[in-house]
Amino acid sequence: DPQQRELTAASKRKLRRFIVIDEVVDKLYGSKVREYFEENNVQHKILALPTTEETKSMDLVLNILHEVQSFSLDRRTEPIIAIGGGVCLDIVGLAASLYRRRTPYIRVPTTLLSYVDASVGAKTGVNFLQCKNKLGGYTPPVASFLDRSFIQSIPRRHISNGLGEILKMALMKHKGLFDLLKNHGKHLLDTKFQSCNGFTGHGDAALQTTRIAIETMLEELAPNLWEDDLDRLVDFGHLISPELEMRVLPSLMHGEAVNIDMAFMTYVAHARGLLDAGEKEQILQCMRGLELPLWHSGCSWALIQRALRERLKHSGGQPRMPLPTGLGVAEIFNDTSEETLERAYELWVRD
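Residues numbered from 1 in each chain as written. Predicted model: local features only at pLDDT ≥ 70, side-chain atom pairs only at ≥ 80, totals over all residues. Heavy atoms only, no water.

- The name that an unreviewed UniProt entry assigns to the protein is ARO1 protein, with the source organism given as Pomatostomus ruficeps.

Next comes the structure, spelled out in structure tokens:
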């Protein structure tokens, strides 16, 4: 906002910023962050915290709020900055939404998963009573700053984890994105989504992949930011995975649990006749190429039944099951029989 910039420049008060940074990110980039604020003569407080699924709780939110209160933050002109993965962005977003009813905040995602997923949309939240994101709200950030150079320092498994959410959007909405993942998946893993010269035949696959993933996510979320419409294609991979992820924590990362859910639902789509055998195999082969798990021993038939019962409670009494009807196209179904689900499960386990 140019007017806001003018007011800030004219103000005699020193610029101040409160930053919450994941402690792992702080070890890697904390000195650069501090140097940036010092060079720009910004008074700042940097709070480094362990932001993991195990620590994603109201206790950590309250810890942040105690520090915010001590800093005497002005909620009109001093946004809180969150630098980290999706868990960090979710926790800080919830803390900001609670402080003086709503304090602006900025998201700076540092993992591939948070870059294409948590950076987009309005959701904030923490886990509660062993349920994923049971407490939270809808408070969009004032900005998300996207910088792929953060991604080069994360482990290969974390890259694969983020590819799970990108594949979700490809299967639901964009055949071109699916083809990018199928043809360039190994290259994206090897180069950690950095734009590299000299890799003939790949072009800038990293830029194309992330751009399309974010654009398709925005297409789905923007008209339905508050989830008034419960028929959501972005829920693909999120019917069973919340139950599975919390049950086996910390053995599965979020994108891995989502992919296991998507693998099962691919079998469901095939059992319903929505996908032919060739399309099913292309999807599974793409998942393998992205080094994502297709199955987990913790995903029992009883867990699937329990997860789908939970789904009914929170989706207006309908399963609202997104399923691929081809590569890059999908619909939402409410009429998948128990028999079809069980048959798909048996084939999935057998394979």
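Here the narrative resumes, following the displayed structure.
Some thoughts on the environment of glycine 176
Phase 1: Within the secondary structure, glycine 176 is located in helix α7 (residues 175–191).
Phase 2: Its relative accessible area of 31% is what places glycine 176 among the partly exposed residues. (Helix = DSSP H or I, 4+ residues; strand = E, 2+ residues; numbered from the N terminus. Buried < 20%, exposed > 50% of the residue type's maximum accessible area, 1.4 Å probe, protein only.)

A look at the domain arrangement of the protein
Phase 1: Entries for the protein in the domain assignment read domain 1 (13–152) and domain 2 (156–223 + 232–350).
Phase 2: Relative placement of domain 1 and domain 2: their C-alpha centres are 27 Å apart.
Phase 3: Taken residue by residue, the interface counts 20 residues in domain 1 and 28 residues in domain 2.
Phase 4: Between domain 1 and domain 2, roughly 2000 Å² of surface is buried when both sides are summed, and carbon and sulfur atoms account for 68% of that area.
Phase 5: Linking domain 1 with domain 2 are one salt bridge.
Phase 6: Applying the counting rule to domain 1 against domain 2 returns four residue pairs in polar contact (both at pLDDT 80 or more).
Phase 7: Secondary-structure elements contributing two or more residues to the side of domain 1 that touches domain 2 are α5 (112–118), β5 (123–128) and β6 (131–138).
Phase 8: Here the element with the most residues in the side of domain 1 that touches domain 2 is α5; it accounts for five residues.
Phase 9: A class-by-class count of the residues in the side of domain 1 that touches domain 2 yields eight nonpolar, five polar and seven charged. (Domains from an automatic or database assignment. Contact = heavy atoms within 4.5 Å. Buried area = accessible area lost by both parts, 1.4 Å probe. Salt bridge = Lys/Arg side-chain N within 4 Å of Asp/Glu carboxyl O. Polar contact = N/O pair within 3.5 Å; in protein donor to acceptor, adjacent residues only side chain to side chain. Nonpolar A, V, L, I, M, F, W, Y, C, P; charged D, E, K, R; others polar.)

Here's the deal with the nonpolar core
The nonpolar side chains of a soluble globular protein tend to be buried, and buried together.
Phase 1: If you look at the biggest cluster of nonpolar residues, it comprises 71 residues, and the most contacted ones within it are Leu167 and Phe264.
Phase 2: No other element matches the eleven residues that helix α10 (residues 254–271) contributes to this core.
Phase 3: Counting 25 residues, the second-largest nonpolar core is a separate cluster that includes Leu47, Phe71, Val92 and Ala118. (Core = buried A, V, L, I, M, F, W, Y, C linked by side-chain atoms within 4.5 Å.)

Some words on the side chain of serine 315
Phase 1: Mapped onto the secondary structure, serine 315 falls in the loop between α12 (301–314) and β8 (321–326).
Phase 2: Within the local environment of serine 315, its side chain forms a polar contact with the backbone oxygen of glutamine 318, the two atoms lying 2.4 Å apart.
Phase 3: Filtering out sequence-adjacent residues up to four positions away, serine 315 remains in contact with Leu230 and Arg320.

Quick notes on the packing of aromatic side chains
Phase 1: Following the criterion strictly, the structure yields eight aromatic pairs and no others.
Phase 2: Where tyrosine 138 meets tryptophan 226, the ring centres are 6.2 Å apart and the plane angle is 80°; that geometry is what we call edge-to-face. A residue pair is termed long-range when its members are at least 10 positions apart, and tyrosine 138 in strand β6 and tryptophan 226 in the loop between α8 (205–221) and α9 (241–248) qualify at 88 residues.
Phase 3: Residue tyrosine 138 is classed as partly exposed on the basis of its relative accessible area of 35%. (Phe/Tyr/Trp six-rings, centres within 6.5 Å; stacked < 30°, edge-to-face > 60°.)

As for the pairing of β6
Phase 1: Bridge count for β5 against β6 is five bridges, and the pairing is antiparallel. Within β6, the position partnered with phenylalanine 128 by the bridge is cysteine 131.
Phase 2: Here β5 hands over to β6 after two residues, with leucine 129 in that stretch at a positive phi of 50°. (Pairing = 2+ DSSP bridges.)

Structural notes on the pattern of salt bridges
Phase 1: For the structure shown, the criterion picks out 28 salt bridges.
Phase 2: In this structure, the salt-bridge partner of arginine 311 is aspartate 235, at a minimum N-O distance of 3.2 Å. Of this pair, arginine 311 sits in helix α12 while aspartate 235 is found in the loop between α8 and α9, placing the two residues 76 residues apart along the sequence. Here arginine 311 matches aspartate 235 in class, with each residue buried.
Phase 3: Across the pair lysine 313 and glutamate 310 runs a salt bridge, and its minimum N-O distance is 2.8 Å. With lysine 313 and glutamate 310 both in helix α12, this residue pair falls three residues apart, about one helical turn.
Phase 4: Looking at glutamate 310, the relative accessible area reads 27%, which means it is partly exposed.
Phase 5: One continuous salt-bridge network, built from bridges that share partners, spans Lys123, Glu227, Arg232, Asp235 and Arg311.

Thoughts on the environment of lysine 132
Phase 1: When you line up the elements, lysine 132 lands in strand β6.
Phase 2: The exposure class of lysine 132 is buried, given its relative accessible area of 17%.
Phase 3: Sequence separation between lysine 132 and leucine 233 is 101 residues; the distance between their C-alpha atoms is 19 Å.
Phase 4: Once you skip the residues sitting within four places of it in the chain, lysine 132 turns out to touch Glu53, Asn127, Pro242, Glu245, Met246 and His254.
Phase 5: At 2.7 Å, the side chain of lysine 132 forms a polar contact with the side chain of glutamate 53.

With respect to the packing of α9 against α10
Phase 1: Packing of α9 against α10 brings their axes to within 9 Å, and their N-to-C directions diverge by 130°. By the angle between their directions, the pair α9 and α10 is classed as oblique. Crossing of α9 against α10: the hand is right-handed. Residues Ser241, Leu244 and Glu245 of α9 pack against His254, Ala257, Val258, Ile260 and Asp261 of α10.
Phase 2: Class assignment for the residues of the contact of α9 with α10 results in four nonpolar, two polar and two charged. (Axes fitted to C-alpha atoms, helices over the stretch in contact; angles between N-to-C directions. Parallel < 35°, antiparallel > 145°, perpendicular 65-115°, else oblique. Left-handed = near helix turned anticlockwise from the far one by under 90°.)

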